[in-house]
Amino acid sequence: MMQESCTKYGTIDMHGNPARKETTGGWRAGWLVLVSEGLAALAFTGVEVNMVLFSKSVLGKSNADAANTFSIWMGTLNICTLIGAFLSDSYLGRYLTCVVFQALLIIGLVLLSLATQEFLLEPEGCGKIGNVCNEPSPAKVASFYISIYLLALGSGAIEPALATLGADQFDEEDAEENKSKSAFFSYYYVALNLGSLFALTVLVYIENLGKWVLAFWLSTCCGLLALIFLIGGTSRYRRTRLSSNPISSFSQVIVASVRKFKLDLSSHGEGLYEVPGNDEKECARKISHTDDFKCLDRAALMTQSEKNLLSIKGKTRNPWKLCTVTQVEEVKCVLRLLPIWFCTIVASIVFVQVLSLFVEQGAAMNTQISNFHIAPASMNAVDIISTSTFIICYKRLIVPLYFKVTKNTVQTPSELQRIGIGMVISIIGMIVAGLVEQWRLRYADGGETSSLSICWQIPQYVLVGISEACIYVAQWEFFTSQIPDGLKSLGLGLSMSSPALGSYLCTIILTLVMKFTSKHGQPGWIPPNLNQGHMDRFFFLTAALIAFDLVLFIIFANRFKCIKLEKRDEGKETTEDARFLETRRLLS
């Protein structure tokens, strides 16, 4: 009876005992995670969304420099997701990782608020659009960078840990809770977007009035509330046991396979070592052998001396000479994900531009509607609303429509299909952005702006928002489903880090474009005065890159092999082969 009331997923409570369904987890714990994420997103977005404007108005940077500063900062933030994932899986656990790094997020916000309040806004009243502050000293600029990179570390590191902590509240081997777990990632992304929406509609206007100090202190208060809500569920959260260090485990596989590179392998994995019964990691399921990356199988190949050693009672293997099949398959799982991950990196260059070049484009347009001024950065609200609306309507409206059109009432679009669809939509979005820029240039005045209304940006924001919903949510679900049990945070961290490298890639592309287009006295495609440039060509270039990336993605998706896990209670394989066969058929 006690066993029936506990989760089958292997989670534990705060005291280390098996988690009971009645007193732990479920939506009561899940909602606390969602509220904490929404408030943390609000706190971070209050700084993020106007970083380009802050760099220009307060630090005196040019358009290209401000965009590059933003891209590098966002890249660093997303790289920090891997740090958080690594610590949460192997050392701190997901809950403690969230608490520690949310506290670090608050410290970064406090330092930024104090720096801005005390010495960055000089002379008094500066920082508004068109009212640039005095150039700060190197020491003052350094204080600014220290605060925002603390903010990046805190915000980035908690994302995979917090999302996985929320997903852990639902037992995937319970039919009802598994449905809730599937929905959680969608709601998590909605929470993230709703928090961002408040920042875009309230904090942006405060910042555009030059009241940066007030906006940053409001963000700090929201960060503090996020930590309070997170701690409020301490006794109810389901937790997972720590796994081994993945770097050490992966290194053992590489070293063991290299040591045995001269040994011959059987054709179907005979003679490979696996521990009997449950996997060595208490919460992890064993993974069945697969035939790809056969060179790594040598790590689990038993020599006669190793067989003799293991036959002696009390003797254990040397993990640097002999690994388990599950350990080898864990490395294979990560290697299989890398091509898909690479494609999502390239796709992410679109989403970086939403918060940089789209904002600069909007600032050079007519931002007045009657007597109402639209802040360029607040147009990101359109992106967030379209993303959230698409996620909420997906299962209620879009999936039934998909069934009606395709006459397929069994399978919804798989994660890989949704990523591919998102790429197509992002291509269209960038083409629309380029066309809008061409129209903006037609109506350019003699200065730095255009009479074309900023409302013409709405279609590109909507399209990019829908593509974001398709790609990111599907990517999260895909990476967490195709990664071993003990590496769930690492899988989600790998997924979340793709925007990081996308940010760096966007910076490299932008730098190269400016280098080659600003020769011989030419202003380049994205000069300080956009009316003298051709930002439309950069948008079209981005669309072309995503189109090429889509071709590669289809090739990789067709070749992908899914993970084969054993069920905990039955020792049977559970796999999604049929689902991926359907994916391949539709992608090809």
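Cut-offs used in this document
The numbers attached to residues start from 1 for each chain and follow its sequence in the written order. Local features are withheld for residues below a pLDDT of 70 in this predicted model, meaning they are given only at 70 or higher, and side-chain atom pairs are given and counted only at 80 or more; totals for whole chains, interfaces and linings count all residues. The basis for the side-chain values is all heavy atoms of the structure; hydrogens and waters are excluded. In what follows, salt bridge is the name for a side-chain nitrogen of Lys or Arg lying within 4 Å of a carboxyl oxygen of Asp or Glu. We count a stretch as a helix when DSSP gives it H or I for four or more residues in a row; a strand needs E for two or more, and each element gets its number in order from the N terminus. The classification of residues rests on relative accessible area computed with a 1.4 Å probe and restricted to protein chains. Under 20% of the type maximum is buried, over 50% is exposed, and intermediate values are partly exposed. Exposure above 30% relative accessible area and the lack of any salt bridge qualify a residue for a patch; like charges then connect within 9 Å, and the nonpolar side chains Val, Leu, Ile, Met, Phe, Trp and Tyr within 5 Å. Exposure was quantified through the Shrake-Rupley algorithm and a 1.4 Å probe, taking into account, for residues, occlusion by the shown protein chains and nothing else. To define axes, lines are fitted to C-alpha atoms, for helices over the stretch in contact only, and angles between the resulting N-to-C directions are given on a 0 to 180 degree scale. For this classification, under 35 degrees means roughly parallel, over 145 means roughly antiparallel, 65 to 115 means roughly perpendicular, and everything else is oblique. In this scheme the crossing of two helices becomes right-handed for a clockwise turn of the near helix relative to the far one and left-handed for an anticlockwise turn of less than a right angle. Put simply, Ala, Val, Leu, Ile, Met, Phe, Trp, Tyr, Cys and Pro go in the nonpolar bin, Asp, Glu, Lys and Arg in the charged bin, and everything else, Gly too, in the polar bin. Grouping buried Ala, Val, Leu, Ile, Met, Phe, Trp, Tyr and Cys residues that are joined through side-chain atoms within 4.5 Å yields what is termed a nonpolar core. Contact between two residues is taken to exist if any of their heavy atoms lie within 4.5 Å; hydrogens are not considered. Two cysteine sulfurs form a disulfide in these notes if their separation is within 2.5 Å.

Q: Explain the pattern of salt bridges to me, please; I cannot follow it from the model alone.
A: Close approach of charged atoms allows side chains of opposite charge to pair. Summed over the entire model, instances satisfying the criterion amount to nine salt bridges. For Arg-94, the salt bridge identified is with Asp-89, shortest N-O distance 3.1 Å. Residue Asp-292 is joined to Arg-336 by a salt bridge in which the shortest nitrogen-to-oxygen separation is 2.7 Å. Highlighted residues: Asp-292 in the loop between α8 (246–259) and α9 (304–311) and Arg-336 in helix α10 (residues 325–347), separated in sequence by 44 residues. Residue Asp-292 is classed as buried on the basis of its relative accessible area, which comes to 15%. On the basis of relative accessible area, Arg-336 is assigned to the buried category, the value being 8%. A network of salt bridges, in which partner residues are shared, links Asp-292, Asp-297, Glu-329, Lys-332 and Arg-336.

Q: What is the right way to look at a nonpolar patch on the surface in this model?
A: Side chains of Val-35, Leu-224, Leu-225, Ile-228 and Phe-229 sit close together on the surface and give an oily, nonpolar patch of about 410 Å² of accessible area. Element by element, the count of residues in the nonpolar patch is highest for helix α7 (residues 212–232), at four residues. Its place among the elements puts Leu-224 in helix α7.

Q: Is there a simple way to explain the packing of helix α4 (residues 94–120) against helix α5 (residues 138–167) in this structure?
A: Their axes nearest at 7 Å, the elements α4 and α5 cross at an angle of 155 degrees. Between α4 and α5, the crossing angle belongs to the class labelled roughly antiparallel. Handedness of the crossing formed by α4 with α5: left-handed. For the contact of α4 with α5, the residue count by class is 22 nonpolar, eight polar and two charged.

Q: Where do I start with the environment of Ser-55 in this structure?
A: Relative to the assigned elements, Ser-55 resides in helix α2 (residues 51–57). Given the relative accessible area of 0%, Ser-55 is considered buried. Once the C-alpha coordinates of Ser-55 and Thr-69 are considered, the two residues, 14 residues apart in sequence, prove to be 8.1 Å apart.

Q: So what exactly am I meant to see when it comes to the nonpolar core here?
A: Soluble globular proteins tend to bury their nonpolar side chains together. Judged by nonpolar contacts, the single largest core of 155 residues is most densely connected at Trp-73 and Met-423. With 12 residues, helix α6 (residues 175–208) is the single largest residue contributor to this core. Non-local contacts of Trp-73, meaning those with residues more than four positions away in its chain, are made with Phe-44, Val-47, Glu-48, Met-51, Ile-148, Tyr-149, Leu-151 and Ala-152.

Q: Which parts of the structure should I look at to understand the state of the cysteines?
A: As used in these notes, a disulfide is a covalent bond between sulfur atoms, one from each of two cysteines. Tallied over the full model, the rule gives zero disulfides. Looking at Cys-80, it has no disulfide partner, and the nearest cysteine sulfur is the one in Cys-98, 15 Å off. No disulfide involves Cys-393; its nearest neighbouring cysteine sulfur is the one of Cys-470, lying 13 Å away. On the basis of relative accessible area, Cys-393 is assigned to the partly exposed category, the value being 23%.

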